[in-house]
Amino acid sequence: GFMKGLLARWRFIVQLVALIGFVLAPFQAFAATVTTFSDTLSDSRPSTVSNHTISWDVTDAGGIAESESFDVTMPAGFSFGSVVVGDIDVEEGGVDATLAANCAGADQISYSRTGQVMTFTICAGDGGAMDTADVATIKIGTNADTGTNQITNSTAASYTISLGNGGTYTDTGEIQIAIIAGVTT
């Protein structure tokens, strides 16, 4: 009787609380480590200007959607000097996206830099989104279509370049580059 009814009510309350907690729980995004990530330098000599071609396979299940951002962080000691947005290309699957300092016009991707961190944001409504399995490529230097300025390498050593995310785009990664005397491509 009474105990059986009380137990049934408790079971119902526990199930209801669990269901409400599941439905109302915030969704969590878990970072995915990219499987292919590289930086090809045109010149790996210390204190020398060099082009950089940074590429990775987009592994996030949602790709890089409009209004999402990603960061590429260059190591301390690498100098951007006079590098500006015109010295940078961003490609999706080998096709250039239009790049600007902001998303005010019809540009597909905006670029900004604070210190060693380059931030790229996919502009809303301009067709710059990248799909899962696309190859994202950033060219910095004279290898970019209108590039005239290059990054100056640091001193001889091994350095880490990192890929980070700026929201629901979750791909991350790190690569090592070596600055050594006498190697050019």
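Residues numbered from 1 in each chain as written. Predicted model: local features only at pLDDT ≥ 70, side-chain atom pairs only at ≥ 80, totals over all residues. Heavy atoms only, no water.

Asks: Would you explain the packing of aromatic side chains in this entry?
Replies: Each pair of aromatic rings is reported with the distance of its centres and the angle of its planes. A complete count under the given rule lists 6 aromatic pairs for this structure. Taking 5.0 Å as the distance between ring centres and 90° as the angle between the ring planes, the aromatic pair formed by Phe-78 and Tyr-159 counts as edge-to-face. With a gap of 81 residues between them, Phe-78 in the loop between strand E5 (69–73) and strand E6 (88–92) and Tyr-159 in strand E13 (residues 157–165) connect regions that are remote in the sequence. Classification of Phe-78 by relative accessible area gives buried; the value is 2%. For Tyr-159, a relative accessible area of 11% puts it in the buried group. Ring centres of Tyr-111 and Phe-120 lie 5.4 Å apart, and the angle between their planes is 45°; this geometry places the pair in the tilted category. (Phe/Tyr/Trp six-rings, centres within 6.5 Å; stacked < 30°, edge-to-face > 60°. Helix = DSSP H or I, 4+ residues; strand = E, 2+ residues; numbered from the N terminus. Buried < 20%, exposed > 50% of the residue type's maximum accessible area, 1.4 Å probe, protein only.)

Asks: Could you clarify how one ought to interpret the sheet that holds strand E10 (residues 117–122) in this entry?
Replies: In any sheet, the strands associate via hydrogen bonds between backbone groups, in a parallel or an antiparallel arrangement. A sheet is described by the order of its strands in space; here 7 strands give the open sequence E1-E14-E13-E5-E10-E9-E8, paired in mixed fashion. Of all strands in the sheet, those with a lone pairing partner are strand E1 (32–33) and strand E8 (99–100), marking the two edges. When E1 meets strand E14 (residues 171–179), the two strands line up parallel, connected through 2 bridges. By the bridge assignment for E14, Ala-32 is matched with Asp-171. (Pairing = 2+ DSSP bridges.)

Asks: Can you help me understand the state of the cysteines in this one?
Replies: What we call a disulfide is simply a covalent bond connecting the sulfur atoms of a pair of cysteines. Applying the stated criterion across every chain yields a total of 1 disulfide. Here Cys-103 is linked by a disulfide to Cys-123, with a sulfur-sulfur distance of 2.1 Å. An S-S torsion of about -80° defines the bridge between Cys-103 and Cys-123 as left-handed. Taken together, the residues span a long stretch of sequence, with Cys-103 in the loop between E8 and strand E9 (109–114) and Cys-123 in the loop between E10 and strand E11 (135–140) at a distance of 20 residues. Residue class for Cys-123 comes out buried when judged on its relative accessible area of 0%. (Disulfide = S-S within 2.5 Å.)

Asks: How should the pattern of salt bridges be read in this particular structure?
Replies: For side chains bearing opposite charge, pairing can occur when the charged atoms are close. All told, the structure shown has 2 salt bridges when counted by the stated rule. Asp-43 is paired through a salt bridge with Arg-45; the nearest N and O atoms lie 2.6 Å apart. Residue Glu-91 pairs with Lys-139 through a salt bridge whose shortest N-O separation is 3.1 Å. Of this pair, Glu-91 sits in strand E6 while Lys-139 sits in strand E11, and the two are 48 residues apart along the sequence. In this structure Glu-91 comes out as buried when scored by relative accessible area, which is 10%. (Salt bridge = Lys/Arg side-chain N within 4 Å of Asp/Glu carboxyl O.)

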